[in-house]
Amino acid sequence: MSSWVHLRKLMLRYFSESRWYTIAIITLLYGVIAWLLLSAAGETALTNNEDFFYWMAVTASTVGYGDLSPVTHAGKLIVALYVIPVGLSIFAMVVGRIAAWVSHHWQRGLLGMKPLHLENHILVIGWNEKKTLLLLDLLLKERDALPDKPEIVLCVKADIHNPMPDKIEFVKVDSFNRDEDMDKACVATARTILMDNPHDDVTMTTALYCTNRNPDAHKVAYFTDDTLVPLLQIHCPKVECTPSVAVEMLAKAAFDPGSSTLHHDLISVDDGQAQFSVQVPDDVRQLSVEHVFSNLKRYYNAILIGYAPGGVYKNMVLNPDLSHTISGGDKLFYIAGGRLNNIDWQRLGD
């Protein structure tokens, strides 16, 4: 009795876990026993090599095309009492295992537990509920105008699920400055890193960490407290900081009515005129601002509003004089009805 109890416990353990090797062994034993029984029953048409595998597959899965079937009484009993019920059980086990595997991986992705393998993606670090949802929605709209359509990854510490599982990738971490956590979000290979946390001190440490891990990425950090911006730029001069400008917009609108609407329209991604930027290719010769300004309007119906020499944003020149020159590596800022992806720079400089 004790050995039967031990065998029953062992079988229950393996069957309850339903590991792949367990299913494979059970399927092999099932096929071998079926072949031996059918051979003993004289079902020679069913026990031929390729015909046997074909017939077992369609019979055990209850498809049953009917082109092959047992002809002896013993063969029919074997099929009715063994091949179909046992085969159907194994088939259900395989389907259940596949469904559980798919569900497990889907849940891991939804919960942000699955490591990613991406390059040149846009990484959003932090969670501010509706504000972050609006940011993601704007990024998705902006991405539609890009030719390469980079992936967008949301990396959070908050206890949430992927808010847009059909549109973005999602990673949940315990820390924004620990390698084993941030490697899951591929921080070292990201093209752009956007940092916006409810607490400015977390944004500060995250910016320092990301600068160390990925110095070549374009990094943008949002601060509620403007006094932290100079402190960060001392250590990370290439990080673009975006302090809150709500108070400044109120003051500007008080003396220049419509200013808040104007600035909102310029940064909006909805249809209409908006502000964009483009990097001048390194092989482009010097261009005069006068030619660029007039040709942008003539050929692309766009307005040049400024440029950043060498792509350094803190040295940005707004409303430049017509005598200024623009060189390869500079960043141009313009207003247009849409992003200009294919600029003829030679034509622009004529």
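By the naming in an unreviewed UniProt entry, the protein is Potassium channel protein, taken from Alteromonas confluentis.

### What about the overall build of the protein?
Check the secondary structure of the protein and you find twelve helices and twelve strands. Counting over 350 residues, the protein shows a buried share of 36%. Contacts spanning at least 24 positions in sequence make up 62% of the contacts within the protein whose residues lie at least 6 apart. Per element, the accessible surface of the protein, about 20600 Å² overall, is 60% carbon and sulfur.

### Things to note about the layout of surface pockets
When its volume is computed, the second largest pocket comes out at roughly 270 Å³. What lines the second largest pocket is a set of 15 residues, and nearest its centre among them are Thr27, Tyr30, Met56, Ala60 and Ile90. Looking at the lining of the second largest pocket, the elements with two or more residues in it are helix 2 (20-40), helix 3 (49-60) and helix 4 (73-111). Counted by class, the lining of the second largest pocket contains eleven nonpolar, four polar and no charged residues.

### With respect to the pairing of strand 5 (residues 218-223)
The sheet contact formed by strand 4 (residues 192-195) and strand 5 spans four bridges and is parallel. Bridge pairing in strand 5 places Leu194 opposite Val220. Considered for its hand, the β-α-β crossover made up of strand 4, helix 7 (residues 200-213) and strand 5 is right-handed. The pairing of strand 5 with strand 6 (residues 240-243) spans four bridges and is parallel. When the bridges of strand 6 are listed, Val220 appears paired with Glu240. Handedness of the crossover joining strand 5 and strand 6 through helix 8 (residues 228-235) is recorded here as right-handed.

### Overview of the side chain of Ser175
By secondary structure assignment, the location of Ser175 is in the loop between strand 3 (169-172) and helix 6 (179-182). Those residues within four positions of Ser175 in sequence are excluded, and the remaining contacts are Lys157, Asp181 and Met182.

### What about the pattern of salt bridges?
What the rule picks out here adds up to ten salt bridges. In this structure, Lys131 engages Asp196 in a salt bridge whose closest nitrogen and oxygen atoms are separated by 3.1 Å. One end of the pair, Lys131, is in helix 5 (residues 130-143); the other, Asp196, is in the loop between strand 4 and helix 7, and 65 residues separate them in sequence. Looking at Lys131, the relative accessible area reads 38%, which means it is partly exposed. Given the relative accessible area of 11%, Asp196 is considered buried. Across the salt bridge formed by Asp179 and Arg213, the nearest N and O atoms sit 3.1 Å from each other. You can see Asp179 sitting in helix 6 and its partner Arg213 sitting in helix 7, a full 34 residues away along the chain. Owing to a relative accessible area of 38%, Asp179 belongs among the partly exposed residues under this scheme. On the accessibility criterion, Arg213 (21% relative accessible area) is partly exposed. Within this structure, Asp174, Arg178, Glu180 and Asp181 form a network of salt bridges that share partners.

### Concerning the nonpolar core
Among the nonpolar cores identified, the biggest contains 29 residues, and Leu123, Ile125, Cys155, Met182, Ile193 and Leu232 are the most heavily contacted of them. Per-element accounting of this core gives the leading share, five residues, to helix 7. Ignoring sequence-local partners within four residues, the contact set of Ile125 consists of Cys155, Phe176, Met182, Ile193, Leu194, Met195, Asp196, Asn197, Thr206 and Cys210. One finds Ala274, Val284, Val292 and Tyr307 within the second-largest nonpolar core, a separate group that totals 20 residues.

### Some remarks on the confidence of the model for the protein
Overall, the prediction assigns the protein a mean pLDDT of 83, with 89% of residues at 70 or greater. The spread of mean pLDDT over the elements of the protein runs between helix 1 (residues 2-17), the lowest at 55, and strand 1 (residues 122-125), the highest at 94.

Calculation notes
The residue count restarts for each chain, going from 1 along the sequence in the order it is written. A pLDDT threshold of at least 70 governs which residues receive local features in this predicted model, and a stricter bar of 80 or more applies before side-chain atom pairs are shown or counted, although totals over entire chains, interfaces and linings include all residues. Water and hydrogen atoms play no part in the side-chain values, which are based on all heavy atoms of the structure. Every helix listed is a DSSP run of H or I at least four residues long, and every strand listed is a run of E at least two residues long, numbered separately from the N terminus. Note on exposure labels: buried denotes an accessible area under 20% of the residue type's maximum, exposed denotes more than 50%, and partly exposed covers the range between, all computed with a 1.4 Å probe on protein chains only. Note on definitions: a residue-residue contact is assigned when non-hydrogen atoms from the two residues lie within 4.5 Å. To measure how exposed things are, a 1.4 Å probe is used in the Shrake-Rupley method; for residues, cover is taken only from the protein chains shown. Using protein atoms alone on a 1 Å grid, points that fit a 1.4 Å probe yet trap it form a cavity, whereas open point sets bounded by protein on both sides within 12 Å along at least five of seven lines form a pocket; residues with an atom within 4 Å of a point count as lining. Grid points are joined across faces, edges and corners, and a volume is the space filled by probe spheres set on the points. Under the scheme applied, nonpolar residues are Ala, Val, Leu, Ile, Met, Phe, Trp, Tyr, Cys and Pro; charged residues are Asp, Glu, Lys and Arg; polar residues are all the others, including Gly. Here, a strand pair is defined by DSSP locating no fewer than two bridges between the strands. Seen with its strands pointing away from the viewer, a crossover is right-handed if its path from the first strand over the helix to the second goes clockwise. By salt bridge we mean one thing: a side-chain nitrogen of Lys or Arg within 4 Å of a carboxyl oxygen of Asp or Glu. By convention a nonpolar core is built from buried Ala, Val, Leu, Ile, Met, Phe, Trp, Tyr and Cys residues, the set being connected through side-chain atoms within 4.5 Å. pLDDT: the predictor's confidence for each residue, scored from 0 to 100.

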